[in-house]
Amino acid sequence: MSLSPLLQNLMQGLRCLPGVGPKSAQRMTFHLLQHDRLGAKRLIEALTQALEHVGYCQYCRMLCEETVCHICSNVKRDKAKICIVESPADVMAIEASQQYRGQYFVLMGHLSPLDGIGPEDIGMELLGKRFAQGDIAEIILATNPTVEGDATAYYIADMAKPYKIQTTRIAHGVPMGGELEHVDSGTLAQALVGRRELE
Amino acid sequence: MKPRVELEPAYVLHTRHYRETSLLLDCFTRDHGKISLIAKGARRLKSPQKGLLRPFLPLLISYVGRSELKTLTSCELSGSLLNLSGERLACAFYINELLSRLLHPHMAFPEMFLFYGEVLSITATEDNYTQALRLFEKNLLQVLGYELMLQQDKHGEPIQKDKEYLFFPEQGAIEMTSAIIANGSIIVSGETLLALANDNLKEAKHNFQAKIILQAALRRLLGHKPIQSKFLLHTPMEV
């Protein structure tokens, strides 16, 4: 049985979300219209507001509705440290680790020559300007442990060199609480290459 | 029964995310050339393939499928991890970009495959890796059917070591005489042409001129879109 055009349209719209296929889209559509029309109204309102007002922080490119995000404007955070990550989700992940009290810079991607993503697409101009301002003492490169993430990290490290900024890369390897026999061989090989002396 | 390939030597050229947990891969295999694969669930938290499906790792892959897009069934590491960083990593990306853009799917080049592995390990470990890059470019042109004429000039005369030539990728070398105006053409010494023909680019000046010839020849095949891997370096690359 085919559904009416408006229902079909709504399902098609919902499918732009990650992880939503035809089945989930249908479930969501029926739920909203059958049980929770108020919720649907709130969703519309929230989406409209967010689309209209949320932009990027002018210092770190994090998504936010002010010109400067709450991390960059927080005076208690260390302004001399910048942690460079690929996506806003990575900022949340590092915040959850409770280990870091500096600022961030969100690339919104990584360098990928085969996909045609170059330095201008990941905000290198803005980052260069921040380096040139001279108030940064350390950058922590927390791009993903993929070859593209590595390439991006090297690019940024190269950019930071003339400014004499201390540059570190987050460690990669065996997950905590894991057992070696269950770790995949690629990760384990990387962990062996990156081994360190026990003090 | 779906056609099945077991433990095929391969390198990943490029990966893309597909849906929530899967990866689309372009692989360069020894016996089946460049193929596209889907690795289902490869991005799941506990996927055993997670750390393996990345470029520059020698793998043995098994896959099934009748269509263009094969399905990866298993993969294992078949050699050691290369430690590529900075300029070397950018060069390795460059090699992958060439293969991704120029190889036709399903055309097998087993010798080229072995050479690819060697060039990657030279790029990771040796100081003089640019020579290997040049030979890779030469080899690639050769297997694609665009071999350069390096021993003879356009008219079939042997190249003389002590003469200067104008080089045109599609025609070959023309001896440079005072009558020819070399506007925008590539000028190379006969010595360089012979050095490249003999795969011996130890001298920097040969290497430099060979790079100009090879990249002009590759540019013809790559079309208007420039090589993207060079944007990986903040300070422009010398190689």
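Here the residue numbering is sequential within each chain, running from 1 through the sequence in written order. To read the labels, note that chains go from A and ligands from 1, taken in the order they are written. Per-residue local features are limited, in this predicted model, to residues with pLDDT of at least 70; the limit for side-chain atom pairs, both in listing and counting, is 80 or more; totals at the level of whole chains, interfaces and linings are taken over all residues. With hydrogens and water set aside, each side-chain value is computed from the structure's full complement of heavy atoms.

K.L.:
Looking at this structure, I do not really get the sheet that holds strand 6 (residues 166–169) of chain A. What am I missing?
P.N.:
Residue and element names in this part refer to chain A. Should DSSP find at least two bridges between two strands, the strands are taken to pair. Each helix is a run of DSSP H or I of at least 4 residues and each strand a run of E of at least 2, with the numbering of both proceeding from the N terminus. The sheet built from four strands is open, its strands ordered 4-3-5-6 with parallel pairing. A strand with exactly one partner marks an edge of an open sheet, and here the two such strands are strand 4 (102–106) and strand 6. Taken over all neighbouring pairs, the strand axes of this sheet differ in orientation by 25° on average, direction set aside. Taken strand by strand, helix 4 (residues 88–96) contacts strand 3 (78–85) and strand 4, and its axis lies near 155° from that of strand 4. Only C-alpha atoms enter the line fits that serve as axes; for helices the fit covers just the stretch in contact. Angles between N-to-C directions range over 0 to 180 degrees. Any pair of residues with heavy atoms lying within 4.5 Å of one another is described as a contacting pair.

K.L.:
Even after reading the chapter, I still don't get the domain arrangement of chain A, so can you show me in this structure?
P.N.:
The accessible area lost on association of the parts is a frequent measure of interface size. Each assigned domain of chain A is listed with its residue range as follows: domain 1 (5–53) and domain 2 (68–197). A C-alpha centroid distance of 35 Å is found between domain 1 of chain A and domain 2 of chain A. Where each domain starts and ends follows an automatic or database-derived domain assignment.

K.L.:
For this particular structure, what's the right way to read the environment of Ala142 of chain A?
P.N.:
Residues and elements named next belong to chain A. Examined against the element boundaries, Ala142 turns out to sit in the loop between strand 5 (138–141) and helix 6 (147–160). When the C-alpha positions of Ala142 and Cys64 are compared, they lie 21 Å apart, and in sequence the two are 78 residues distant. Those residues in contact with Ala142 that sit more than four places away from it in its chain are Cys83, Ile84, Val85, Ile94, Arg169 and Ile170.

K.L.:
Where do I start with the domain arrangement of chain B in this structure?
P.N.:
By domain assignment, chain B separates into domain 1 (4–77) and domain 2 (127–232). Here the C-alpha centre of domain 2 of chain B lies 35 Å away from the C-alpha centre of domain 1 of chain B.

K.L.:
Even after reading the chapter, I still don't get the sheet that holds strand 5 (residues 69–77) of chain B, so can you show me in this structure?
P.N.:
Strands pair in a sheet through their backbones, by hydrogen bonds, and they do so in one of two ways: parallel or antiparallel. Residues and elements named next belong to chain B. Ordered by their spatial adjacency, five strands build a closed barrel running 1-2-3-5-4, and the pairing between neighbours is mixed. Along the sheet, successive strands turn relative to each other by an average axial angle of 55°, direction set aside. Examined bridge by bridge, strand 1 (residues 4–18) and strand 4 (residues 59–64) share five bridges and lie antiparallel to one another. Bridging across to strand 4, Pro9 finds its partner in Leu60. Sitting on the sheet, helix 2 (residues 110–125) touches strand 1 and strand 2 (22–29), and the angle it makes with strand 1 is about 55°.

K.L.:
What exactly am I supposed to notice about the interface of chain B and chain A here?
P.N.:
Tallying the contact residues gives 29 residues for chain B and 26 residues for chain A. By buried area we mean the combined loss of accessible area, with a 1.4 Å probe, across both parts when two parts are placed together. When the area that chain B buries against chain A is broken down by residue, the three leading residues are Arg54, Leu81 and His234 of chain B, summing to 25%. Each salt bridge in this description consists of a side-chain nitrogen of Lys or Arg and a carboxyl oxygen of Asp or Glu lying within 4 Å of one another. Our enumeration of links across chain B and chain A arrives at one salt bridge. Asp150 of chain A is the partner of Arg54 of chain B in a salt bridge, and the nearest nitrogen-oxygen pair spans 3.7 Å. Polar contacts, as counted here, are pairs of nitrogen or oxygen atoms within 3.5 Å of one another; within protein the pair requires one atom able to donate a hydrogen and one able to accept it, and residues that are adjacent in sequence qualify only if both atoms are side-chain atoms. Applying the counting rule to chain B against chain A returns four residue pairs in polar contact (both at pLDDT 80 or more). Breaking the side of chain B that touches chain A down by element, the ones donating at least two residues are strand 1 and helix 1 (86–102) of chain B. It is helix 1 of chain B that contributes the most residues to the side of chain B that touches chain A, six residues altogether. Residues belonging to the side of chain B that touches chain A are distributed by class as follows: 13 nonpolar, 11 polar and five charged. Under the scheme applied here, ten amino acids are nonpolar (Ala, Val, Leu, Ile, Met, Phe, Trp, Tyr, Cys and Pro), four are charged (Asp, Glu, Lys and Arg), and all others, including Gly, are polar.

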